[in-house]
Amino acid sequence: MSPTRILIIAHAPLAHALRECALHVFPDCGDSVAALDIQPRQPPEESLAQACILLAQLGEDSTLVLTDVFGATPCNVAHRLVGGVGARLVTGVNLFMLVRAVSYRAEPLDSVVARAVVGGT
């Protein structure tokens, strides 16, 4: 079983800022956590193409996708991304949610999802 990977998709510059915070706490998580900042006025199709590349690099069967605002462009891109693959999506990402997910990334995906949700509340 491969460790859970994490992809953050959020409004710029939040995704990369959250990734940097995770790296500050867990310097060894660089290969496990990726970030995609959605730029203003960037076409959703372009964002989705970038997200597909990142998901393929991480592994679509063991990736937790975290996004910021439900119903906003990053969330819509993430929702389209995980449709039909084994990745899971959680919205409302915050720092504690991410730290919990990263700290338990060695566990199976469903367990990491549950821990992330608890961390976010």
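Residues numbered from 1 in each chain as written. Predicted model: local features only at pLDDT ≥ 70, side-chain atom pairs only at ≥ 80, totals over all residues. Heavy atoms only, no water.

Asker: How would you summarise the side chain of Arg 19 if you had to cite specific residues and measurements?
Answerer: By secondary structure assignment, the location of Arg 19 is in helix H1 (residues 14-25). In this structure Arg 19 is buried but unpaired, with Glu 20 as the nearest side chain of opposite charge at 4.1 Å. At 3.0 Å, the side chain of Arg 19 forms a polar contact with the backbone oxygen of Gly 30. Excluding residues that lie within four positions of it along the chain, Arg 19 makes contacts with Ile 8, Gly 30, Val 33, Ala 34, Ala 35 and Leu 98. (Helix = DSSP H or I, 4+ residues; strand = E, 2+ residues; numbered from the N terminus. Buried < 20%, exposed > 50% of the residue type's maximum accessible area, 1.4 Å probe, protein only. Lys, Arg positive; Asp, Glu negative; His and termini not counted. Salt bridge = Lys/Arg side-chain N within 4 Å of Asp/Glu carboxyl O. Polar contact = N/O pair within 3.5 Å; in protein donor to acceptor, adjacent residues only side chain to side chain. Contact = heavy atoms within 4.5 Å.)

Asker: Give a description of the nonpolar core that names residues and reports values.
Answerer: Residues Ile 6, Ile 8, Cys 29, Leu 64, Leu 66, Leu 98 and Val 102 are the most contacted members of the largest nonpolar core, which totals 24 residues. Every element with two or more residues in this core is listed here: strand S1 (5-11), H1, strand S2 (33-38), strand S3 (63-67), helix H4 (95-103) and helix H5 (109-120). Apart from the residues lying within four places of it in its own chain, the contact partners of Leu 66 are Ile 6, Leu 7, Ile 8, Ile 9, Val 90, Val 93, Met 97 and Leu 98. Counting residues in each nonpolar core, the second largest holds 16 residues, with Leu 36, Ala 51, Val 82 and Ala 87 among its members. (Core = buried A, V, L, I, M, F, W, Y, C linked by side-chain atoms within 4.5 Å.)

Asker: Give a description of the side chain of Ser 62 that names residues and reports values.
Answerer: Along the chain, Ser 62 turns up in the loop between helix H2 (44-58) and S3. According to the relative accessible area criterion, Ser 62 is buried, its value standing at 10%. Look past the residues within four positions of Ser 62 in its chain and what remains in contact with it is Ser 2, Pro 3, Thr 4, Arg 5 and Leu 109.

Asker: Account for helix H3 (residues 73-82), with residues named and values stated.
Answerer: Along H3, the residues that are buried comprise Pro 74, Cys 75, Val 77, Ala 78, Leu 81 and Val 82. Buried residues in H3, looked at end-on, bunch into an arc of 160°, giving them a common side. Lining the buried residues of H3 we find S1, S2, H2, S3 and strand S4 (88-91). Just beyond H3, the residue with positive phi is Gly 84, at close to 85°. (Arc of directions from axis to C-beta.)

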